[in-house]
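# Structural characterization, general
Listed below, chain by chain, are the residues.
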Amino acid sequence: MATRGRPRAFDRTGALRRAMEVFWEHGYEGSSIHQLTAAMGINAPSLYAAFQCKEALFREAVELYGAEGGDLIGRSLAGGGTARDAVAAMLRLGAAEYTDQSHPRGCMIVLAATTYTPKTEGIRDYLAECRRQSAGQLRDRLAKGVADGDLDPETDLDRLANYLSTVWYGMSLQARDGATTEELLDVADAAMAGWDRLTGSR
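Residues numbered from 1 in each chain as written. Predicted model: local features only at pLDDT ≥ 70, side-chain atom pairs only at ≥ 80, totals over all residues. Heavy atoms only, no water.

Under an unreviewed UniProt entry, the name given to the protein is TetR/AcrR family transcriptional regulator, and the organism recorded is Pseudonocardia eucalypti.

And the structure:
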């Protein structure tokens, strides 16, 4: 009599990655448990056993997004060169990554909770904090430019970081609306064209 083999081990990371893509494409509110379980290849009880609840699943998905390359600001600002070089690299990387056909368009952190209900205010606040951390990384890199002597010490770093973050978020939204890589590169170049005026450089 044939014996049954051991059940195949649950690929938690693979299931989480597929959930991440659902959230990335449809947002937190727009992703139903049915959509998530179908994408993950598990049933609802298995989802709750592995991840506790939809919100906990989402938070893990956001962490995975950052770990697998979603932290574009951190990646691009870690390179060498001047502050201007780093910011230009950040915007151009965003143009390329936001329109990459191998995954949903735009930035998950920007797009996953554009709408919310009283029940999902925690998700809204969580993503807002993620964005504040990214803006903080950007401001820190600008401050390094001042310390290194390649950025005017009179530059209003908060103003500049807020402006660049707004461009960054807008590029993500335009990518979701179908903007091409070339169109977003034009946006990046236009933003950098105002660098000297924004920083007081000559």
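Text resumes after the structure shown.
Taking the UniProt record as the reference, the feature "DNA-binding region" (unreviewed entry) is found at residues 32-51. Taken end to end, residues 32-51 is 80% helix and 0% strand, and its first and last C-alpha atoms sit 15 Å apart. (UniProt positions renumbered as here; feature names shortened; annotations may be inferred. Helix = DSSP H or I, 4+ residues; strand = E, 2+ residues; numbered from the N terminus.)

Met-40, Leu-57, Phe-58, Leu-91, Met-108, Leu-127 and Trp-195 are the most contacted members of the largest nonpolar core, which totals 59 residues. Leaving out residues up to four positions away in the same chain, Leu-91 has contacts with Val-167, Trp-168, Met-171, Ala-188, Ala-191 and Met-192. (Core = buried A, V, L, I, M, F, W, Y, C linked by side-chain atoms within 4.5 Å. Buried < 20%, exposed > 50% of the residue type's maximum accessible area, 1.4 Å probe, protein only. Contact = heavy atoms within 4.5 Å.)

With that settled, consider helix α8 (residues 121-148). Because each turn of an α-helix spans 3.6 residues, side chains separated by three or four positions in sequence point in the same direction. Across its 28 residues, α8 extends 40 Å between first and last C-alpha, which sits within 8% of the 40 Å expected from 1.5 Å per residue. Those residues of α8 that fall on the buried side of the exposure criterion are Ile-123, Tyr-126, Leu-127, Ala-128, Cys-130, Arg-131, Ser-134, Ala-135, Leu-138, Arg-141, Leu-142 and Gly-145. Positive backbone phi, at 90°, marks Gly-149, one or two positions downstream of α8. (Expected span 1.5 Å × (residues − 1).)

Per the stated rule, a full pass over the model turns up five aromatic pairs. On the numbers, 5.9 Å between centres and 15° between planes, the contact of Phe-23 with Tyr-28 is stacked. The exposure class assigned to Phe-23 is buried, which follows from its relative accessible area of 0%. When its relative accessible area of 9% is taken as the criterion, Tyr-28 is described as buried. Ring plane angle 75° and centroid distance 5.1 Å describe the contact between Tyr-28 and Phe-58, whose orientation is recorded as edge-to-face. Taken together, the residues span a long stretch of sequence, with Tyr-28 in helix α1 (residues 12-30) and Phe-58 in helix α4 (residues 54-70) at a distance of 30 residues. Pair check on accessibility: Tyr-28 and Phe-58 agree, each one buried. Through a chain of ring-to-ring contacts, three or more aromatic side chains come together here, namely Phe-23, Tyr-28 and Phe-58. Above the ring of Tyr-28, the side-chain terminus of Lys-54 is found at 4.5 Å from the ring centroid. (Phe/Tyr/Trp six-rings, centres within 6.5 Å; stacked < 30°, edge-to-face > 60°. Lys NZ or Arg CZ within 6 Å of the ring centre and 35° of its normal.)

Among the residues of helix α2 (residues 33-40), those classed as buried are Leu-36, Thr-37 and Met-40. Buried residues of α2, viewed axially, fall in a sector of 95°; they line one side. Opposite its buried face, α2 presents the exposed residues His-34 and Ala-38, each directed more than 90 degrees away. Residues of α2 that are buried sit in contact with α1, α3 (44-51) and α4. Directly after α2, the chain includes Gly-41, whose backbone phi takes a positive value near 75°. (Arc of directions from axis to C-beta.)

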